[in-house]
Amino acid sequence: MNVDKAKKRIAKQVKKGFHGYPLITLEYFGKTPDLASEVVISFTAEEDAQPQKQTFVSDKDAREDEAIQSALVKIIERADAKTVAEQGGVSILG
């Protein structure tokens with residue numbers, strides 16, 4: 001899947017806001033605010049449940065990595081997530 005198409009599909013899901021569970025949360029991390037070298041996707045099946053997390057790492061910006069963005073879309077679809085949330089910006093790795 002084209003990276004722009006994948007990003008648009010994710011953004012569309014994020015814009016919908018909270019509609020219940022299952023919940024998918026995306027958070028980007030990097031050494032600088034301009035480069036996200038990894039993304040953590042969390043799946044929470046129901047309220048008060050422990051989230052399941054998966055990390056994807058990239059040599060380049062994970063937000064522009066076609067394979068990673070396509071995988072995120074597939075995970076969201078397969079989880080049948082009612083809510084998709086995205087942490088704004090890039091969190092700095094310590």
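Residues numbered from 1 in each chain as written. Predicted model: local features only at pLDDT ≥ 70, side-chain atom pairs only at ≥ 80, totals over all residues. Heavy atoms only, no water.

*Asks:* Got a sec to walk through the nonpolar core? Specific residues and values, please.
*Replies:* If you look at the biggest cluster of nonpolar residues, it comprises 18 residues, and the most contacted ones within it are I24 and L72. Breaking this core down by element, the ones donating at least two residues are α1 (3-15), β1 (23-30), β2 (38-44), α2 (66-79) and β4 (83-92). At five residues, the largest contribution of residues to this core is made by α2. (Core = buried A, V, L, I, M, F, W, Y, C linked by side-chain atoms within 4.5 Å. Buried < 20%, exposed > 50% of the residue type's maximum accessible area, 1.4 Å probe, protein only. Helix = DSSP H or I, 4+ residues; strand = E, 2+ residues; numbered from the N terminus.)

*Asks:* I'd love a proper account of the environment of I76, names of residues and values included.
*Replies:* Position of I76 relative to the elements: it lies in helix α2. You can call I76 buried: its relative accessible area is 7%. Separated by 69 residues in the primary sequence, I76 and K7 place their C-alpha atoms 12 Å from one another. Residues within four places of I76 in sequence aside, it is in contact with I10, I24, A81 and V84. (Contact = heavy atoms within 4.5 Å.)

*Asks:* Any chance you could break down α1 for me, citing the residues and the numbers?
*Replies:* Compared with an ideal rise of 1.5 Å per residue, which puts 13 residues at 18 Å, α1 spans 18 Å between its outermost C-alpha atoms and is within 8% of the ideal. Taken together, the buried positions of α1 are occupied by V3, A6 and I10. When α1 is viewed along its axis, its buried side chains cluster within an angular range of 65 degrees and face the same direction. The exposed set on the far side of α1, more than 90 degrees from its buried face, consists of K5, K8, K12 and K15. (Expected span 1.5 Å × (residues − 1). Arc of directions from axis to C-beta.)

*Asks:* So, the sheet that holds β2: which residues are in play, and what are the values?
*Replies:* A sheet is described by the order of its strands in space; here four strands give the open sequence β3-β2-β1-β4, paired in mixed fashion. Every other strand in the sheet has two partners, leaving β3 (52-57) and β4 as the edge strands with one partner each. Each neighbouring strand pair of the sheet contributes to a mean axis angle of 15 degrees, computed without reference to strand direction. As paired strands, β1 and β2 are joined by seven bridges and run antiparallel to one another. Residue pairing across strands places E27 opposite V40, the latter belonging to β2. (Pairing = 2+ DSSP bridges. Axes fitted to C-alpha atoms, helices over the stretch in contact; angles between N-to-C directions.)

*Asks:* Which residues make up the packing of α1 against α2, and what values do they have?
*Replies:* Where α1 contacts α2, the two axes come as close as 9 Å, and the packing angle between them is 35 degrees. The two elements α1 and α2 cross, and the hand of that crossing is left-handed. On α2, the residues touching V3, A6, K7, R9 and I10 of α1 are E66, Q69, S70, L72, V73, I76 and E77. The class makeup of the residues in the contact of α1 with α2 is six nonpolar, two polar and four charged. (Left-handed = near helix turned anticlockwise from the far one by under 90°. Nonpolar A, V, L, I, M, F, W, Y, C, P; charged D, E, K, R; others polar.)

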